[in-house]
Each structure stands twice: as C-alpha cells, then as structure tokens.
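# Coordinate analysis (summary)
Residue strings, one per chain:
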Amino acid sequence: MNRPAPALLGVTAPDYDVATPSDVDYAAAFADVAPEVRAHQLAVRAFVQDEVLPVIDGYWERAEVPFDLVKKLGELDLLRDGVDVPGHEPVSFMAEGLASMEMSRGDGSVATICGVQGGLALRSIVMHGSPEQIERYAEPMARGEILGAFALTEPTHGSDSVSLETTARRETRDGVEGYVIDGEKKWIGFGSCGDITVVWARLVGEDGDNQVHGFIVPQDTPGYTGTTIEGKLALRAIWQAHIVLDDVFVPADAALPGATSFKATSQVLFATRLSVAWSAVGHAVACYEAAVAYSRQRIQFGKPLAAKQMVQERLTRMLSTLTQMQLLVGRLTELADAGQLTGEQASLAKYTCTRGAREIASVARDMLGGNGILLANRVARHFADVEALHTYEGTESMNALIVGRDITGVSAFA
C-alpha cells in the first residue's frame, strides 16, 4: 500500500479556521499590564503565529525536535524563561507568564523546550553556579548555541526525588581533582540531544555529606549515555531521555558551588512551577478558541452548533474555568513580582490550572466530535500534551499534599 512520505505527515488542512487569536480575557485579568509586558507577550504571539503553528503538527506527528525553531527562539531572546542573564533585558514574572501562555497556546513541546532550556538548566546555572560557570554558559544558552538538560528524576524516583540514588564521590584521576558520578535518570528533556546536563547526585564517600549536589556534565563525557524515550503520546516534539551515568568523571569545577543540598533543587523548581500553571492556561486558551470557532462554523441540522443550547452551556462552562485560572495566575504572578509568592501558592496555581486545562481540553475534544481527534483541528495535540503538563513539575497529588500541609500544619507525605 502506498503511504505518504514522512515529511508530508501532519499537514492536512484544518476543517475550520482556528488561526486567529481571540484575546480571551473575560474578567480583564491582564488588561492593565505595562506596555513593555504587553510587547513581550505580542512578540511571542507573533513567533507562534508565524513560525510555530504552520509547521508544528508535522514535527509532533513525526516525533521530531524542531531545532530550527529552537535557533529562532534564541535569536529572538525567548529561550530564557525569565532568567536574568547579563547583557539581556530583565523580564518580569508577568511578562514571562504571558509569554508562557502564548507559547503553550501554540504548542506544548515548544513551550517545554523553553522551560527545560531556560527555566531548569539555565536557571540552575545562573542561580547556583560560579561566576566562571555563568560567564561560560549563560549567554550561549540564552542564544540557543548550547542546549541544556536538567537531570533530577530517576527511573524509580519521581515524586520522591528527594530520595534520589544517583551518587557522586570525590576522586583524583591523572592528577585532576573531580567527581565520579554513577546512576540513572529518566524523562530528561534534551538529555539525549543537547550539549550539557545539570545532573543532581548525592555526594557520598568518606568525605561526602550525603546531600544532593548539582554538576554540569557535558553529554559527550565518557560513560554518559542518553537514549531517547520512544512511544510517547504527549509532547512528541521534544525528546526526553533515559540517561545512564557509568563511572562519569568530571573535574572539580563542574560542581555548582551553590547547589549543595536538595534545597537548591527546590529553589529551581519553585521558580518554574508558576510558569507551568501559565502554560496550562495557554493550552486551555487554545482549546477554548478552537471550540468557539468550530461551534460558529460547523453546521448541523441546518444551524451552526453555536445556536444549540447545550453548546452554549459548554462554552460558558469552559470560559468560567478559564477565567478562574487567569485570575489566579494573574494575582499570584503579581505576588511573585513583588517577591511575596510562597511555594504553597505556586503549588496551588499548578494544581488548579492543570486540572482546569484538562477539563477544558476534554470538553473541547468532545465538542468537535470525530474532527476533534485530527491534528489539523488543533485540539487533539493540546488534549494529549496537557496530560504531560499535568504530571511534570509536581503531580496533582504532590501539589495537593504541599497545599494540604500548609492548610493543616500536618505533613501527609508517605
């Protein structure tokens, strides 16, 4: 049987127009943002409209990383995920939140690329690295010339990553003082196709403190093997890796001097959790826009679906959930810009927004009927991708326990 060439997959014309952003903000949650914040948001939107949406279905279906888009993200200074890099204009939490929303409205894989490169890998180095490490890596990573990974999760340690088993021990080889790292990591974005990986390992040995430390490991280091995980049904346009670290030796200056306990890891994750909530809002916006457009253009029984009471009720329910999500992240982001956001509040934002995005994506998928499973009609990709978003940066259960501990004063972690 003749099959289309892989390069042609995923480019079927959509059944209806979903290309025009709707600027949905029913409660005017973002109406008063500063002009420079709006400009940053619109720059990301233009990139999504012009560069991402025309091609992303093909990359997603082929499970290929859009490295050409990564390069353009770097050229436009959109890879930092809000991290301050010397020589670059500072970006507020609100500006970066709206940027994350716009990026995810376009595609979850591209948004995750920014989150991995800037929010996790670059942030780890800028937040906990030495001046020499920052000088060496920050600018090239911001430009996308060096791709970074963040290796915390392990095959047997996800939610309980504080118990990670990957180890590092001090050793001198050929007169060079350094560390030997052994262990495994899993679900590591860019871990098989990047340049460096920030590896989190427990320092053991006679002079070890048994605390979690961070290390910058070049991916071409002997003993480092990153294998791309295949068969994913979400975020297919970014590769996650299963990493094996077998007697990996790095020099002493590979250690992040500010990353000497799990607290350092938590500080990085705390900074990214609110960004994930914003991404969930972006997925929800995309699904809502698609459902509204489809209801206006799809004719059944002689009338557009929009004329049906059931459809209007569903659209109202979706808008209600989306508006609550927008108001929550907007207010908590104001607190973040004021330096007042707590970890528990960030967890509530992630918990609430990924739940809301799943609900909206599910209703939109159902409203589109059979057309809802076609990539070209937009909802299917977001429907799948939001499932991954719901899990990473803290599962629903873990974030619920973080908030629950704050409510009750009692820890319920097993």
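This section reports on the structure supplied with the text. All values reported here derive from a predicted model rather than from experimental measurement.

Turning next to the overall build of the chain. Each helix and strand in the chain was counted, giving 11 helices and nine strands. For the chain, the C-alpha radius of gyration of 22 Å lies close to 22 Å, the compact-globule estimate for 414 residues. Its C-alpha atoms give the chain principal-axis dimensions of roughly 80 × 60 × 45 Å. Looking at the chain as a whole, 53% of its 414 residues qualify as buried. Considering only contacts in the chain between residues 6 or more positions apart, those separated by 24 or more positions represent 77%. Accessible surface, the chain: about 18,300 Å² in total, of which carbon and sulfur atoms supply 53%. In the chain, which carries 35 positive and 53 negative side-chain charges, the distance between the mean positions of the two groups comes to 9 Å.

Contact geometry of helix H7 (residues 262-297) with helix H8 (residues 309-337) gives a least axis separation of 10 Å together with a crossing angle of 155 degrees. Between H7 and H8, the interaxial angle falls into the category roughly antiparallel. Note that H7 runs across H8; the crossing there is left-handed. Counted together, Leu-274, Ala-277, Trp-278, Ala-280, Val-281, Ala-284, Val-285, Cys-287, Tyr-288, Ala-291, Val-292 and Ser-295 of H7 and Val-311, Leu-315, Met-318, Leu-319, Leu-322, Met-325, Gln-326, Val-329, Gly-330, Leu-332, Thr-333 and Ala-336 of H8 form the full contact between these two elements. Tallied by class, the residues present in the contact of H7 with H8 amount to 20 nonpolar, four polar and no charged.

By size, the foremost hydrophobic cluster in this structure holds 49 residues, and its most contacted members are Leu-98, Trp-278, Val-281, Met-318, Leu-322 and Met-367. For this core, the secondary-structure elements that each account for two or more residues are helix H4 (93-106), H7, H8, helix H9 (343-367) and helix H10 (379-391). Aside from chain neighbours lying at most four places away, what touches Met-367 is Ala-291, Tyr-294, Ser-295, Leu-305, Val-311, Arg-314, Leu-315 and Met-318. Core analysis: the next-biggest nonpolar cluster, separate from the first, contains 46 residues, Leu-73, Cys-193, Leu-203 and Phe-215 among them.

Within the secondary structure, Thr-197 sits in strand E4 (residues 196-204). The exposure class of Thr-197 is buried, given its relative accessible area of 0%. There is a polar contact of 2.8 Å between the side chain of Thr-197 and the side chain of Tyr-224. With residues up to four places along the chain from it excluded, the contact list for Thr-197 reads Ala-149, Ala-151, Phe-215, Ile-216, Val-217, Gln-219, Tyr-224 and Ile-243.

Here H4 crosses H7 at 40 degrees, and the two axes come no closer than 7 Å. In terms of orientation, H4 lies oblique with respect to H7. Once H4 is placed against H7, the crossing between them reads as right-handed. Here Met-94, Gly-97, Leu-98, Ser-100, Met-101, Ser-104 and Arg-105 of H4 lie close against H7, whose contacting residues are Ser-275, Trp-278, Ser-279, Val-281, Gly-282, His-283, Val-285, Ala-286 and Glu-289. A breakdown of the residues in the contact of H4 with H7 according to their chemical character gives seven nonpolar, seven polar and two charged.

So, on to the environment of Trp-60. Summarising the element assignment, Trp-60 is placed in helix H2 (residues 56-62). Residue class for Trp-60 comes out buried when judged on its relative accessible area of 11%. It is 21 Å that separates the C-alpha atoms of Trp-60 and Gly-148, two residues lying 88 residues apart in sequence. Not counting chain neighbours up to four residues away, the residues in contact with Trp-60 comprise Asp-107, Ser-109, Leu-233, Leu-235, Arg-236, Ala-237, Leu-375, Arg-381, Ala-384 and Asp-385.

The next thing to look at is the packing of aromatic side chains. Per the stated rule, a full pass over the model turns up four aromatic pairs. The ring of Tyr-59 carries Arg-62 above its face, with NZ or CZ at 5.2 Å from the centroid. The ring of Trp-60 has Arg-236 sitting right over it, with the charged end atom 5.4 Å from the ring centre.

The next thing to look at is the side chain of Gln-326. The topology assignment puts Gln-326 in helix H8. Given a relative accessible area of 1%, Gln-326 falls into the buried group. Among residues more than four places away in sequence, those in contact with Gln-326 are Val-24, Asp-25, Tyr-26, Ala-29, Phe-30, Val-281 and Val-285.

It is worth spelling out the environment of Phe-270 at this point. For Phe-270, the location among the structural elements is in helix H7. Between the alpha carbons of Phe-270 and Leu-374 there is a distance of 35 Å; along the sequence they are 104 residues apart.

Now for the layout of surface pockets. The method is simple in principle: a probe with the dimensions of a water molecule rolls over the atoms, and the space it marks as empty is what remains. Roughly 470 Å³ of volume is contained in the second largest pocket. Along its surface, the second largest pocket is lined by 24 residues, and Asp-81, Gly-82, Phe-93, Arg-123 and Ala-271 are the ones closest to its centre. For the lining of the second largest pocket, the secondary-structure elements that each account for two or more residues are H4, helix H5 (108-128), H7 and H8. Tallied by class, the residues present in the lining of the second largest pocket amount to 12 nonpolar, eight polar and four charged.

Thresholds, definitions, all that
- Residues numbered from 1 in each chain as written.
- Predicted model: local features only at pLDDT ≥ 70, side-chain atom pairs only at ≥ 80, totals over all residues.
- Heavy atoms only, no water.
- Helix = DSSP H or I, 4+ residues; strand = E, 2+ residues; numbered from the N terminus.
- Rg over C-alpha atoms; globule rule 2.2 N^0.38 Å.
- Buried < 20%, exposed > 50% of the residue type's maximum accessible area, 1.4 Å probe, protein only.
- Contact = heavy atoms within 4.5 Å.
- Areas by Shrake-Rupley, 256 points an atom, 1.4 Å probe, with all protein chains shown as cover.
- Lys, Arg positive; Asp, Glu negative; His and termini not counted.
- Charge placed at Lys NZ, Arg CZ, Asp CG, Glu CD.
- Axes fitted to C-alpha atoms, helices over the stretch in contact; angles between N-to-C directions.
- Parallel < 35°, antiparallel > 145°, perpendicular 65-115°, else oblique.
- Left-handed = near helix turned anticlockwise from the far one by under 90°.
- Nonpolar A, V, L, I, M, F, W, Y, C, P; charged D, E, K, R; others polar.
- Core = buried A, V, L, I, M, F, W, Y, C linked by side-chain atoms within 4.5 Å.
- Polar contact = N/O pair within 3.5 Å; in protein donor to acceptor, adjacent residues only side chain to side chain.
- Phe/Tyr/Trp six-rings, centres within 6.5 Å; stacked < 30°, edge-to-face > 60°.
- Lys NZ or Arg CZ within 6 Å of the ring centre and 35° of its normal.
- 1 Å grid on protein atoms, 1.4 Å probe; cavity = no way out; pocket = protein on both sides within 12 Å on 5 of 7 lines; lining within 4 Å.
- Points joined across faces, edges and corners; volume = space filled by probe spheres on them.

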